[in-house]
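Residue-level structure breakdown
For reference, the chains in residue letters:
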Amino acid sequence: MSTDEYTLFTGKVKELINVDLSGYKEKQMRRRIESLMNRRGYQSFLAYYNLLASDRQALNEFMDRITINVSEFFRNVERWQVLEQRILPQILEQKNDNSLRIWSAACSTGEEPYSLAMLLKTSFPGIRYKILATDIDSVVMQRAQAAVYPIAQITQIPQRFRQQHIVERSGTFEIAADVRQTVEFRQHNLLADPYPSAIDLIVCRNVLIYFTDDIKDRLYRQFAASLTMGGVLFVGSTEQIFRPHEYGFRILDSFFYQRI
Ligand SMILES: C[S@@+](CC[C@H](N)C(=O)[O-])C[C@H]1O[C@@H](n2cnc3c(N)ncnc32)[C@H](O)[C@@H]1O
């Protein structure tokens, strides 16, 4: 399939759903889309586009495939220990009002913002905070807001958080209401929408890997602008930023970058 046809396809998809696929690494993205097309018996991007434009279910399936929604509570748990023991105390020390504005960007089904909320409630009881949780995909955000997870996922949550913050049902568990209340969900496209401002901690993990270097470059600058001085960007464990100084960051710890 020619690159031209793929380029034409990405342009049309952008018009249809305002998602700019040209910002995502082409090889990976094409492989995902082509496997979907094959499953449905399509060989041409343009014929497949016509299906997407006319069939809501095919469009949902497409959205689902291109966004990759896998998530976990306390993903890479040792990084969350560093967040708790080192990064958050440091951010709070430089603030004098004991309040935090946190943004969980590309939050998928909610495991990440709820991990933040449980950790803050347990380990930083005296502070005021708000967690903004965003994702491009409205379907996963609905699941995040429902806050009900299969029981198999419970082992991802450290024992000390489970007692107070989890309500077990048969086969599922629910995040307790007082934890849910600290998280506000909003749909947001990292490539197209304005970023919130005066954020103390941005958690944006396991999505930057899908973007091209040019897009990452732009996003790092936008994250830096979104943070307060001394604020921190927490990225995924395969998403090290090369030359952080170019974006106004310094390394605080592996995968934690402080705005300077
Ligand atoms: C692999 S999940 C990461 C979830 C979570 N941050 C974690 O690390 O467990 C990637 C998420 O990025 C979202 N995403 C993809 N492109 C996006 C974009 N342009 N703007 C906002 N979110 C996006 C997807 O919908 C998906 O939920």
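These numbers come from a predicted model, not from an experiment.

**A look at the domain arrangement of the protein chain**
The assigned domain composition of the protein chain is domain 1 (3-67) and domain 2 (77-259). Between the C-alpha centres of domain 1 and domain 2 there is a distance of 29 Å. Each partner contributes to the interface: domain 1 provides 12 residues, whereas domain 2 provides 11 residues. The largest share of the area that domain 1 buries against domain 2 comes from Gly23, Tyr24 and Lys25, three residues that together contribute 47% of it. At the junction of domain 1 with domain 2, the criterion picks out 0 salt bridges. Of all the secondary structure elements, the ones that give two or more residues to the side of domain 1 that touches domain 2 are helix H2 (26-39) and helix H4 (56-67). Tallying contributions element by element places H4 first for the side of domain 1 that touches domain 2, with 3 residues.

**Overview of the site of the ligand**
Neighbouring the ligand are 22 residues; Tyr24, Ser71, Arg75, Asp135 and Asn206 lie closest to it. Contacts to the ligand include Ala106, whose backbone N or O atom sits 2.9 Å from a nitrogen atom. One nitrogen or oxygen atom from the main chain of Arg205 is found 2.9 Å from a nitrogen atom belonging to the ligand. Compared with its free state, where it exposes 600 Å², the ligand has 99% of that area covered by protein. A class-by-class count of the residues in the shell around the ligand yields 9 nonpolar, 7 polar and 6 charged.

Rules of the game
- Residues numbered from 1 in each chain as written.
- Predicted model: local features only at pLDDT ≥ 70, side-chain atom pairs only at ≥ 80, totals over all residues.
- Heavy atoms only, no water.
- Domains from an automatic or database assignment.
- Contact = heavy atoms within 4.5 Å.
- Buried area = accessible area lost by both parts, 1.4 Å probe.
- Salt bridge = Lys/Arg side-chain N within 4 Å of Asp/Glu carboxyl O.
- Helix = DSSP H or I, 4+ residues; strand = E, 2+ residues; numbered from the N terminus.
- Near = heavy atom within 4 Å.
- Polar contact = N/O pair within 3.5 Å; in protein donor to acceptor, adjacent residues only side chain to side chain.
- Areas by Shrake-Rupley, 256 points an atom, 1.4 Å probe, with all protein chains shown as cover.
- Nonpolar A, V, L, I, M, F, W, Y, C, P; charged D, E, K, R; others polar.

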